[in-house]
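Residue-level listing of the chains:
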Amino acid sequence: MSEKIWINDELDISGFKYPVRYNQETIENLFVPFLKHLSQLRTDLDRKVICYLAAPPCAGKTALSMFLEKLSRERKNLDPIRAVSMDGFHFSNDYLGSHLAMRDGSTIPMKFIKGAPETFDTDLMQQKLRAVRGEGADFPIYDRNIHDVIPDAMSVEDDIILLEGNYLLLKNPKWTNIRALADYSVFIKAEPELLKDRLIERKLHGGKTPEQAEKFFNQSDVSNINLVTNNSVGADETWHLTADGDYELLERRED
């Protein structure tokens, strides 16, 4: 097996400079064919296309979606895509603080389970996704500087939309209508221990102690990983996140 050649890049994610690297062979043999397929799908359907990129927490989906957008705009034989995040459809902090949810038989404020499926405004998500197929729509964004949602902050009028998020393919009644709006989908699988290592590393970089990072993982992250991994419907393509941060194709559904 030949040695991997890594391409280093830097992305602007929520105002923060974020270094990334992707394997050159993966770019040419997985990413570019995927983008070519979306371009062809837009031509075949003769309308705007919505694609989902779903994955458990810390599988790299946000950076990957933004890199795919950048790649699509750099290659002349590809239609440009627009990457957007499901995080913009969080309920606001005010809403989460004033509404309740059920957990383990108890009623608790939604703010204590922020990031769980019920803390997203799926009705608004449906509305915006339907509108984007027409003239376009103004999407909300999640600002990580203020840790809250900014409504209608991003104008989305592109022909191919790549929406990334944890729960887009979830087997849950509230998400059924969301799933139905996708023209194409990708799901990323990863080993739980790899995701744990990446999540704890993220918390450490965010200023938490090792003890705090481990506690947060056990109280919140592990349940979200299990939920997404075990309760998502099959996607058109399934990719695998490898230990070195690379991606490989596991399965592509035949038409």
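The following paragraphs examine the structure supplied in this document.

About the cut-offs
- Residues numbered from 1 in each chain as written.
- Predicted model: local features only at pLDDT ≥ 70, side-chain atom pairs only at ≥ 80, totals over all residues.
- Heavy atoms only, no water.
- Pairing = 2+ DSSP bridges.
- Helix = DSSP H or I, 4+ residues; strand = E, 2+ residues; numbered from the N terminus.
- Axes fitted to C-alpha atoms, helices over the stretch in contact; angles between N-to-C directions.
- Core = buried A, V, L, I, M, F, W, Y, C linked by side-chain atoms within 4.5 Å.
- Buried < 20%, exposed > 50% of the residue type's maximum accessible area, 1.4 Å probe, protein only.
- Contact = heavy atoms within 4.5 Å.
- Polar contact = N/O pair within 3.5 Å; in protein donor to acceptor, adjacent residues only side chain to side chain.
- Phe/Tyr/Trp six-rings, centres within 6.5 Å; stacked < 30°, edge-to-face > 60°.

**Side note on the sheet that holds strand S11 (residues 237–241)**
Piece 1. Judged by pairing direction, the sheet is mixed, and its six strands sit side by side in the order S4-S9-S3-S10-S11-S12 without closing on themselves. Each of the sheet's edge strands pairs with one partner strand only, and the pair in question is strand S4 (82–85) and strand S12 (247–252). With strand direction ignored, the average angle separating the axes of adjacent strands in the sheet is 25 degrees.
Piece 2. Strand direction decides the pairing type here: S11 and S12, joined by five bridges, are antiparallel. Counterpart to Thr 238 in the pairing with S12 is Glu 251.

**Details of the nonpolar core**
Piece 1. Tyr 22, Phe 31, Phe 34, Leu 64, Ile 188, Trp 239 and Tyr 247 are the most contacted members of the largest nonpolar core, which has 41 residues in total.
Piece 2. For this core, the leading source of residues is helix H1 (residues 24–45), giving eight residues.
Piece 3. Setting aside residues no more than four positions away along its own chain, Phe 34 makes contact with Cys 51, Leu 68, Leu 162, Tyr 184, Val 186, Glu 237 and Trp 239.
Piece 4. Within the second largest apolar cluster, 25 residues are counted, among which are Ala 137, Leu 163, Leu 168 and Leu 181.

**Quick word on the side chain of Lys 61**
Piece 1. Structurally, Lys 61 is set in helix H2 (residues 61–74).
Piece 2. A polar contact is formed between the side chain of Lys 61 and the side chain of Asn 166, at a distance of 2.8 Å.
Piece 3. Not counting chain neighbours up to four residues away, the residues in contact with Lys 61 comprise Leu 53, Ala 55, Pro 56, Glu 164, Gly 165 and Asn 166.

**Concerning the pairing of strand S1 (residues 6–13)**
Piece 1. Of the strand pairs in this sheet, S1 and strand S2 (residues 16–23) are connected by eight bridges, and their pairing is antiparallel. Across the sheet, the residue bridging to Glu 10 is Pro 19, located in S2.
Piece 2. Adjacent in sequence and paired antiparallel, S1 and S2 are bridged by two residues, among which Ser 14 carries a positive phi angle near 55 degrees.

**A short note on the packing of aromatic side chains**
Each aromatic ring pair is summarised here by two numbers: the centre-to-centre distance and the angle between the ring planes.
Piece 1. By the definition in use, this model includes 13 aromatic pairs.
Piece 2. An angle of 55 degrees between the planes, with centres 6.3 Å apart, marks the rings of Phe 31 and Tyr 247 as tilted. Taken as a pair, Phe 31 in helix H1 and Tyr 247 in strand S12 lie far apart in primary sequence, 216 residues in all. Like Phe 31, the residue Tyr 247 is buried in the burial classification.
Piece 3. Here the aromatic rings of Phe 91 and Tyr 95 are separated by 4.0 Å at their centres, their planes lie at 15 degrees, and the arrangement is stacked.
Piece 4. What makes Tyr 95 partly exposed here is its relative accessible area of 28%.
Piece 5. Ring pairing ties together the aromatic residues Tyr 22, Phe 31, Phe 34, Phe 67, Tyr 184, Trp 239 and Tyr 247, which thus form one cluster.

So, to be careful, I would describe these as geometric facts and stop short of saying anything about function.
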